[in-house]
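Each chain, letter by letter, is given below.
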Amino acid sequence: MIYSEKISIFTHKSAELINMTAEIESIVAKSCISNGVAFVISQHTTTGLVINEPLECVEQDIVNTLAKLIPDDDAYIHAHFLPSYGATSNNSPGHLKSTMLGNSVTFSVSDSKLEKGSAQDVYLAECDGPQSRQIIVKIMGE
Amino acid sequence: MTTDVHMHPIYFDVISSDDSKVKFREEKFGIHKQSPYPMEEILYEMDYAKIDKSILLPLDLTTIEGGEVVSNEEIKKIVAEVPERFIGFGSVDPSREDAIDQLLYIFDDLKLSGLNLHPGKQLFYPNESKMKKIYSICQEKNKPIMFHAGLSWEPQSYIKYGQPIHFEEIAIEYPDLRICLSHFCWPWIKETIMLLIKYPNVYTDTSMLYLNSFEDFFRELFTKEIDQLTIERNFPKQILFGSNTPRFRAFKMKQAIEKFIVKEDVRENLFSLNAEEFLYGKKGKQ
């Protein structure tokens, strides 16, 4: 059996971490799948999906370190007018952070719950906000 | 108080329920790969940029393309919904037989605050004689004109109509008419400066980013082409903040400009006071 839902999120900063764990757990609980695998997948190229500990200091360190590794004002090539968009690009830091973070996370599902470690939560990493974002939660199992 | 004088409400969802209309806008305006967004998100993005008000620009292409990118009625509808955040301009295709009637309708019935014209896309030279009646009415009614000037990105538009020198006759013949030659007439920046020096009724705006990053582009503009001391000495009242949303994200443009325009009074003029004067004249809002 496969169960799928889409989560819509409007992010509020240019870079931030948004804890999505409760929403994903609720989707898993109502999926009627007790054993299987849950995939959480971003539909974007300037976001990331990461698993980490839900502590404010850890969240801040992740955001700050990404900003240090990939500064906003480096000499990126993707900083020009894009004819195919009729708009300017100028969001290379978002693309690069997204590449580093990856666009999906996977969990085992057992007894209709995410089988996650005690320190594990799921975060959407916004790398080019504020924007509307769509995240797919797909659960496969029985 | 910050005013963005250059916003195209192409993707406002309150006027985007018809998919074919959105497609028409995208094709004629030359913008792609974006989707309509709700008012809540539009206002949030303005708040995030610390922009209090935005001037909304429609575009009438009736004789050229058989329709309007955004209509005057759509502008009126948005402004009626959030009057504290938006200022509506109207647009008239000057080649319409009923152009003058339309102009009077925009000002007298819809009560819009100014006129938006796009010579490159509406296919006219700003100094053509057929335009004179339009300019006279705008001057008489104290309504400013926002002209698209410089590079025209839209498909089937002609850059030749947007050269700054074609606007000189208007500046001379209608000294009480305030005209903004938007986009700094890029790439004709020196010619634009020439007109600003001579004609106090000529304005320009910052809505341009055709090369490089925001920071690279505005560093070049505000340190080499026209630095803030030059602005302070010569054009304190004539440069307006415009973002050209949705082509460019307003908060990124504003942040880049703020890196190079650091003097408080120059900033206050550029982001706030000059827009008031452009809109309402020296006497202020009546």
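Our structure's up above, just so we're on the same page.
Residues numbered from 1 in each chain as written. Chains lettered and ligands numbered in written order. Predicted model: local features only at pLDDT ≥ 70, side-chain atom pairs only at ≥ 80, totals over all residues. Heavy atoms only, no water.

J.: Any details on helix 3 (residues 92-101) of chain A? Residues and values, ideally.
T.: All names here are of chain A. Within helix 3, burial applies to S92, P93, G94, K97 and S98. Packed against the buried residues of helix 3 are strand 4 (47-52) and helix 2 (56-69). Backbone geometry just after helix 3 places G102 at a positive phi near 90°. (Buried < 20%, exposed > 50% of the residue type's maximum accessible area, 1.4 Å probe, protein only. Helix = DSSP H or I, 4+ residues; strand = E, 2+ residues; numbered from the N terminus. Contact = heavy atoms within 4.5 Å.)

J.: Would you mind going over the sheet that holds strand 6 (residues 90-91) of chain B in detail, with residue names and values included?
T.: Residues and elements named next belong to chain B. Spatially, 6-7-8-9-10-11 is the arrangement adopted by the six strands of the open sheet, whose pairing is parallel. In this open sheet, the two edge strands, each paired with only one partner strand, are strand 6 and strand 11 (239-240). The pairing of strand 7 (residues 115-117) with strand 8 (residues 145-147) spans three bridges and is classified as parallel. Within strand 8, the residue paired with L115 across the bridge is I145. (Pairing = 2+ DSSP bridges.)

J.: How would you explain the nonpolar core if you had to name every residue and give the values?
T.: Among the nonpolar cores identified, the biggest contains 84 residues, and F86, L115, Y135, F147, F218 and F222 of chain B are the most heavily contacted of them. Top element by residues in this core is helix 12 (residues 250-260) of chain B. It accounts for six residues. Setting aside anything within four residues of it in sequence, one finds Y135 of chain B in contact with L117, F124, P126, I145, F147, I170, Y174 and L177 of chain B. I18, I33, L124 and V137 of chain A belong to the second largest nonpolar core, which has 20 residues in total. (Core = buried A, V, L, I, M, F, W, Y, C linked by side-chain atoms within 4.5 Å.)

J.: Please give an account of the sheet that holds strand 9 (residues 121-126) of chain A that cites residues and values.
T.: All names here are of chain A. Here we have three strands laid out as an open sheet, ordered 2-9-4, and antiparallel in their pairing. Edge strands, defined here as strands with exactly one partner in the open sheet, are strand 2 (16-19) and strand 4. In this sheet, neighbouring strand axes are inclined to one another by 30° on average, regardless of whether the strands run parallel or antiparallel. With four bridges joining them, strand 2 and strand 9 adopt antiparallel strand pairing. If you follow L17 over to strand 9, its bridge partner there is A125. (Axes fitted to C-alpha atoms, helices over the stretch in contact; angles between N-to-C directions.)

J.: Hey, could you go over the packing of aromatic side chains for me, with residue numbers and the actual values?
T.: Scanning the entire structure with this criterion turns up 21 aromatic pairs over all chains. Clustering of aromatic rings is evident, with ring pairs tying together F81 of chain A together with W153, W186, Y210, F217, F218, F222 and F248 of chain B. Positioned above the aromatic ring of F29 of chain B is the side chain of R247 of chain B, whose terminal nitrogen or guanidinium carbon lies 4.1 Å from the ring centre. Over the ring of F271 of chain B we find K254 of chain B; its NZ or CZ atom is 5.5 Å from the centre of that ring. (Phe/Tyr/Trp six-rings, centres within 6.5 Å; stacked < 30°, edge-to-face > 60°. Lys NZ or Arg CZ within 6 Å of the ring centre and 35° of its normal.)

J.: Let's hear about the pattern of salt bridges: which residues, and what values?
T.: Residues and elements named next belong to chain B. Per the stated rule, a full pass over the model turns up 26 salt bridges over all chains. K121 is paired through a salt bridge with E65; the nearest N and O atoms lie 2.8 Å apart. Taken together, the residues K121 in helix 6 (residues 119-122) and E65 in helix 3 (residues 62-65) connect sequence positions 56 residues apart. Under the relative-accessibility criterion, K121 is labelled buried at 0%. Judged by its relative accessible area of 22%, E65 is partly exposed. The shortest N-O distance in the salt bridge between K190 and E225 comes to 3.7 Å. Of this pair, K190 sits in helix 9 (residues 189-198) while E225 is found in helix 10 (residues 214-225), placing the two residues 35 residues apart along the sequence. Judged by relative accessible area, E225 falls into the partly exposed class, the value being 27%. (Salt bridge = Lys/Arg side-chain N within 4 Å of Asp/Glu carboxyl O.)

J.: Describe the pairing of strand 10 (residues 132-141) of chain A, with residues and values.
T.: Where strand 1 (residues 2-10) of chain A and strand 10 of chain A come together, nine bridges link them in antiparallel fashion. Its bridge partner lying in strand 10 of chain A, S4 of chain A is registered against K138 of chain A.

J.: Account for the environment of I106 of chain B, naming residues and giving values.
T.: Residues and elements named next belong to chain B. Along the chain, I106 turns up in helix 5 (residues 99-109). Of the residues examined, I106 reaches a relative accessible area of 0% and is grouped as buried. Separated by 57 residues in sequence, I106 and Q163 have C-alpha atoms that sit 27 Å apart. The contact partners of I106, leaving out residues within four places of it in the chain, are N72, G90, S91, V92, K111, L112, G114 and L115.

The values are spatial; any link to function lies outside them.
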